[in-house]
Amino acid sequence: MRPNIVTEAGLQTRVGQWWESIPFLTSAVVVVCGVIYLVCLLSGYDSFYEICFLPTAVVSHFQVYRNYTSILFHGSLLHVLFNMLALVPLGSELERIMGSIRLAYLIILLATTNAIFHLFIALLVAHNPFHPYPYLMNECAIGFSGILFSMIVIETSLSGVQSRSVFGLFNVPAKWYAFILLVVFQLLMTNVSLLGHLCGILSGFAYIYGLFNFLMAGASSFSAIEASSWLSSCVRRPKFILCTGGSPTSYIPTYSGQNTTSSGLLTGNIWRNLSSWMPQRETSAQAEQDYRFPGRGRSLGSAQSETVPAVNSDSNLQARLLDNSNPDLSSHLGVTATREPLLDGRSSVAGNAVGATLGRPALLQHPAPSEEQIQKLVSMGFDKTQVEVAISAADGDLNVAVEILMSQQG
């Protein structure tokens, strides 16, 4: 399209394009929460006391269903709108990393652990011997925001950024980002469940530190679910992302480095989602950029050679890289293999990594992965040996390492 002219795409077209860019599970959660709110609104249902998370009811009547019904109901239009607009960027990015089924399992797990933390803290505060405070036992909490706070912690850990921007006003260390949002929302909004949001943060940190590893199912289990006949209609949808990385849309965003500053997904991307619906003026034919993949991609290979043809696909290259038992690896991949273009514009350094693994001189010496990087990926359930190889192949970029590891699962 010629530059400096207004595109003819109307609001309806842009809404459709935005919706099609949202992966399967994330869009399903948005639809479910939206439909539930609409049905409650039209039917006049407002007995949230029956479905909210109420510690007293869970303890006295063992109403554990509240752990899950409470996250699907919302008290007002602003409540459901804000939560769903925050879910779209967070859920979309995590779904492209984990796959649709794995993320669904994670949401159920987070809903369960959030409720356990909530109940434990409420009981502890209500029955402490110094100053009993029974109010938390009778607090009725609803909404998806507890899960969102867990997602913020997990996504921030995976992104590897050192700082994040709060509403574009000031930067905070990434590890404190969720806590700062907790305080800001508590001060700016009314009827906000401090304990519900805090428990979401605690569940997020418990996940990234590997405390839930024994509860996480293996990749083979998720693959078996995806292969089941009752889910076949969902798997065939183009927006569905396989846990094995089989979906062509499952490539994750890259980040320019570990010391960059990232604007918070919960704040900046909401406005970006809204503004993407509006007609825009193009300034250059090359200015188009998918909002899911911000910034410019890095070249991870040696810049000295550009013309070596790609003999194998990217998935085969990654499979050979992580397959330490392949005796013919050196005959398929030369030690001087250079950059292979991937689907999202990045370059592969697998050839150099293989050369280093075989004890031959490589064009690029990769730094040894740090223990912190290894622990982050091991806590997600990956094998430590494969994690070390993948991080080396990804030149220390955790997002690329996760992509390589996910392609080998199943």
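Counting restarts for each chain, with residues numbered from 1 along the sequence as it is written. Reporting of local features is limited, given that this is a predicted model, to residues whose pLDDT is at least 70; pairs of side-chain atoms are given and counted only at 80 or more, and all residues count toward the totals for whole chains, interfaces and linings. To obtain the side-chain values, all non-hydrogen atoms of the structure were included, while hydrogens and water were left out.

Colleague: Hey, could you run me through the overall build of the protein chain in this one?
Modeller: Summing up its helical and strand segments, the protein chain has 18 helices and three strands in all. When each of the 410 residues of the protein chain is scored for burial, the buried share is 49%. It only takes one pair of heavy atoms within 4.5 Å for two residues to be counted as in contact. When contacts within the protein chain are restricted to residue pairs at least 6 apart in sequence, long-range pairs at least 24 apart make up 72% of them. The method behind every accessible area is Shrake-Rupley, applied with a 1.4 Å probe, and residues are considered shielded solely by the protein chains displayed. Carbon and sulfur atoms form 61% of the exposed surface of the protein chain, whose accessible area is close to 20,400 Å². Starting at the N terminus, helices and strands are each numbered in turn, a helix being any DSSP run of H or I of at least four residues and a strand any DSSP run of E of at least two. Under the scheme applied here, a residue whose accessible area is under 20% of the maximum for its type counts as buried, over 50% as exposed, and between as partly exposed, the area being computed with a 1.4 Å probe on protein chains only.

Colleague: Could you clarify how one ought to interpret the packing of helix α5 (residues 77-98) against helix α6 (residues 100-126) in this entry?
Modeller: Relative orientation and spacing of two packed helices are given, respectively, by the angle between their axes and the distance between those axes. Lines are fitted to the C-alpha atoms to define the axes, a helix being fitted only along its stretch in contact, and any angle between axes, read from their N-to-C directions, falls within 0 to 180 degrees. Interhelical geometry of α5 versus α6 gives an angle of 120 degrees and a closest axis separation of 7 Å. In terms of their interaxial angle, α5 and α6 are classed as oblique. Handedness of the crossing formed by α5 with α6: right-handed. Of the residues in α6, those in contact with Gly91, Leu94, Glu95 and Met98 of α5 are Ser100, Arg102, Leu103 and Leu106. Any residue outside Ala, Val, Leu, Ile, Met, Phe, Trp, Tyr, Cys, Pro, Asp, Glu, Lys and Arg is labelled polar, Gly included; the first ten of those are nonpolar and the last four are charged. Residue classes in the contact of α5 with α6 are distributed as four nonpolar, two polar and two charged. For classification purposes, an angle smaller than 35 degrees is called roughly parallel, one larger than 145 roughly antiparallel, one from 65 to 115 roughly perpendicular, and anything else oblique. The crossing is said to be left-handed when, going from far helix to near helix, the turn is anticlockwise and less than a right angle, and right-handed when the turn is clockwise.

Colleague: I would appreciate a short explanation of helix α10 (residues 219-227) in the present structure.
Modeller: Since the α-helix packs 3.6 residues into each turn, any two residues three or four apart lie on the same face. Taken together, the buried positions of α10 are Ala219, Phe222 and Glu226. Within α10, the buried residues cover an arc of 65 degrees as seen down the axis, which keeps them to one side. In this structure, α10 carries Ser220 and Ala227 as exposed residues pointing more than 90 degrees from its buried face. Those residues of α10 that are buried lie in contact with α6 and α11 (232-235). Our arc is simply the arc of the directions from the helix axis toward the C-beta atoms.

Colleague: Please clarify how the state of the cysteines should be interpreted in this entry.
Modeller: In protein structure, a disulfide is the covalent linkage between the sulfur atoms of two cysteines. Here, the term disulfide refers to a pair of cysteine sulfur atoms separated by no more than 2.5 Å. Applying the stated criterion to the full structure yields one disulfide. The residue that forms a disulfide with Cys52 is Cys140, at a sulfur-sulfur distance of 1.8 Å. As the torsion about the S-S bond is roughly -125 degrees, the Cys52-Cys140 disulfide counts as left-handed. Within this pair, whereas Cys52 is found in the loop between α2 (24-43) and α3 (55-61), its partner Cys140 is found in the loop between α6 and α7 (145-159), the two being separated by 88 residues in sequence.

Colleague: Explanation requested: a nonpolar patch on the surface in the structure shown.
Modeller: Excluding any residue in a salt bridge, patches collect residues exceeding 30% relative accessible area, merging like charges within 9 Å and nonpolar Val, Leu, Ile, Met, Phe, Trp and Tyr side chains within 5 Å. The salt bridge definition used is simple: a Lys or Arg side-chain nitrogen within 4 Å of an Asp or Glu carboxyl oxygen. Together, Val183, Leu187, Leu188 and Met189 line one region of the surface with nonpolar side chains, adding up to about 430 Å² of accessible area. Note that Met189 resides in the loop between α8 (177-188) and α9 (194-208). Using a relative accessible area of 37% as the deciding quantity, one classes Met189 as partly exposed.

Colleague: So what exactly am I meant to see when it comes to unusual backbone geometry here?
Modeller: Among all residues except glycine, the phi angle is most often negative; among peptide bonds, the trans geometry is most common. Residues other than glycine seldom take positive phi values, yet Phe62 does so here, at roughly 55 degrees. Turning to its location among the elements, Phe62 is positioned in the loop between α3 and α4 (66-72). Phe62 gets classed as exposed once you look at its relative accessible area, which sits at 64%. Phi at Asn191 takes a positive value of approximately 55 degrees, unusual for a residue other than glycine. Inspection of the secondary structure puts Asn191 in the loop between α8 and α9. Accessibility expressed as a relative area gives 83% for Asn191, which makes it exposed.

Colleague: Even after reading the chapter, I still don't get the pairing of strand β2 (residues 170-173), so can you show me in this structure?
Modeller: Where a strand is regular, its side chains alternate between the two sheet faces. In this sheet, β2 lies alongside strand β1 (residues 163-166) in antiparallel orientation, the contact comprising four bridges. When the sheet's bridge partners are listed, Arg164 is paired in β2 with Val172. Strand pairing is defined by DSSP finding a minimum of two bridges between the two strands.

Colleague: How should I be thinking about the pairing of β1 in this particular structure?
Modeller: Residues Ser163 and Ser165 point to one face of β1 and Arg164 and Val166 to the other, with burial holding for every one of them. In sequence, β1 turns back onto β2 through a hairpin of three residues, with Phe167 there showing a positive phi of about 55 degrees.

Colleague: Looking at this structure, I do not really get the packing of α7 against α9. What am I missing?
Modeller: The geometry of α7 relative to α9 is characterised by a closest axis approach of 7 Å and an angle of 35 degrees between their N-to-C directions. The handedness of the crossing between α7 and α9 comes out as right-handed. Across from Ser145, Gly146, Phe149, Ser150, Val153, Ile154 and Ser157 in α7, the residues of α9 making contact are Gly196, His197, Gly200, Ile201, Ser203, Gly204, Phe205, Tyr207 and Ile208. Here the residues of the contact of α7 with α9 are counted per class, giving seven nonpolar, nine polar and no charged.

Colleague: I keep staring at the confidence of the model for the protein chain and nothing clicks. Help me out?
Modeller: Interpreting fine coordinate detail is not advised for predicted regions of low pLDDT. Per-residue confidence for the protein chain averages 74 on the pLDDT scale, and 67% of its residues sit at or above 70. Below pLDDT 50 for its whole length, residues 245-322 participates in 181 contacts with residues either more than four positions away or in separate chains. Scored between 0 and 100, pLDDT is the confidence that the predictor attaches to each residue. Contacts for the low-pLDDT stretch residues 324-364, under 50 throughout, to residues beyond four places or in other chains number 76 contacts.

Colleague: Explain the nonpolar core here, please?
Modeller: The nonpolar side chains of a soluble globular protein tend to be buried, and buried together. By convention a nonpolar core is built from buried Ala, Val, Leu, Ile, Met, Phe, Trp, Tyr and Cys residues, the set being connected through side-chain atoms within 4.5 Å. Ranked by internal contacts, the top residues of the largest apolar core, which has 62 residues, are Phe144, Met151, Ile154, Tyr207 and Leu377. Here this core gets nine residues from one element, more than from any other, and that element is α5. In this entry, domain limits derive from an automatic or database-based domain assignment. Of the domains in this structure, domain 1 (11-236) and domain 2 (371-408) are the two that each give at least three residues to this core. Once residues lying within four places of it in the same chain are set aside, the contact partners of Tyr207 are Met98, Leu106, Ile154, Phe212, Met216, Ser379 and Met380. The next biggest cluster of nonpolar side chains, apart from the first, holds seven residues, and it includes Ile101, Phe222, Leu231 and Phe240.

Colleague: Looking at this model, I keep getting lost on the environment of Phe179. Mind explaining?
Modeller: Structurally, Phe179 is set in helix α8. Taking the C-alpha atoms as reference points, Phe179 and Ile201, separated by 22 residues in sequence, lie 7.7 Å from one another. When sequence neighbours within four positions are dropped, the list of residues in contact with Phe179 reads Leu198, Ile201 and Phe205.

Colleague: Help me understand the side chain of Asn128, please; the structure alone is not making it clear to me.
Modeller: By the element assignment, Asn128 lies in the loop between α6 and α7. Assessed through its relative accessible area of 18%, Asn128 is described here as buried. Polar contacts, as counted here, are pairs of nitrogen or oxygen atoms within 3.5 Å of one another; within protein the pair requires one atom able to donate a hydrogen and one able to accept it, and residues that are adjacent in sequence qualify only if both atoms are side-chain atoms. Within the local environment of Asn128, its side chain forms a polar contact with the backbone nitrogen of Phe130, the two atoms lying 3.1 Å apart.

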